[in-house]
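A structural walkthrough
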Amino acid sequence: MIGYVAVLAVGYVMGTKAGRQRYEQIAGTCRAVTGSPAAKAVIDAGRRKIAERVSPDPALVKLTPIDTGTEVMEPESTKSEQS
């Protein structure tokens, strides 16, 4: 989110200095880059990595099913908990 705001701020400042036409060119390029599937994949991957590191919830692992309708989930132990 902060990155988008920074890009928009830089684009705005450059646009006001260079005129409306140049601003539209910069804004269009920004939209094209951030709207491309490759850029979205990179952004999403980065967000997932950050969320995994910041998440207060431990990852869950599946254990042996009790019966056909019930599965038990347990937090995955980390290396620091094992020592």
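Coordinates for the structure precede this section.
Being a predicted model, the structure only gives us computed values, none of them experimental.

**Here we look at the overall build of the protein**
Along the protein, the regular secondary structure elements total four helices and two strands. When the helices and strands of the protein are placed in sequence order, the string is α-α-α-β-β-α. Partitioning the intrachain contacts of the protein with sequence separation of at least 6 by distance along the chain shows that 9% fall at a separation of at least 24. Element-wise, carbon and sulfur atoms account for 61% of the exposed surface of the protein, whose accessible area totals about 7200 Å².

**Brief notes about the environment of Tyr 23**
For Tyr 23, the location among the structural elements is in helix 2 (residues 20-35). For the pair formed by Tyr 23 and Val 13, sequence separation is 10 residues and the distance between their alpha carbons is 8.6 Å.

**What to know about the packing of helix 2 against helix 3 (residues 37-54)**
Taken N-terminus to C-terminus, the directions of helix 2 and helix 3 make an angle of 65°; their axes are 5 Å apart at the nearest point. Regarding the angle of helix 2 to helix 3, the classification is roughly perpendicular. Across the interface between the two elements, Val 33, Thr 34 and Gly 35 of helix 2 pack against Pro 37, Ala 39 and Lys 40 of helix 3. For the contact of helix 2 with helix 3, the class distribution of residues is three nonpolar, two polar and one charged.

**Here's the deal with a nonpolar patch on the surface**
Taken together, the side chains of Met 1, Tyr 4 and Val 5 present a nonpolar region at the surface, about 340 Å² in accessible area. With respect to the helices and strands, the residue Val 5 is situated in helix 1 (residues 2-18).

**Considering the environment of Val 7**
Locating Val 7 in the fold gives a position in helix 1. A residue is classified by how much of its surface remains accessible, and Val 7, at 41% relative accessible area, is partly exposed. For the pair formed by Val 7 and Cys 30, sequence separation is 23 residues and the distance between their alpha carbons is 7.9 Å.

Cut-off values and rules
- Residues numbered from 1 in each chain as written.
- Predicted model: local features only at pLDDT ≥ 70, side-chain atom pairs only at ≥ 80, totals over all residues.
- Heavy atoms only, no water.
- Helix = DSSP H or I, 4+ residues; strand = E, 2+ residues; numbered from the N terminus.
- Contact = heavy atoms within 4.5 Å.
- Areas by Shrake-Rupley, 256 points an atom, 1.4 Å probe, with all protein chains shown as cover.
- Axes fitted to C-alpha atoms, helices over the stretch in contact; angles between N-to-C directions.
- Parallel < 35°, antiparallel > 145°, perpendicular 65-115°, else oblique.
- Nonpolar A, V, L, I, M, F, W, Y, C, P; charged D, E, K, R; others polar.
- Patch = residues over 30% accessible without salt bridge, like charges linked within 9 Å, V, L, I, M, F, W, Y side chains within 5 Å.
- Salt bridge = Lys/Arg side-chain N within 4 Å of Asp/Glu carboxyl O.
- Buried < 20%, exposed > 50% of the residue type's maximum accessible area, 1.4 Å probe, protein only.

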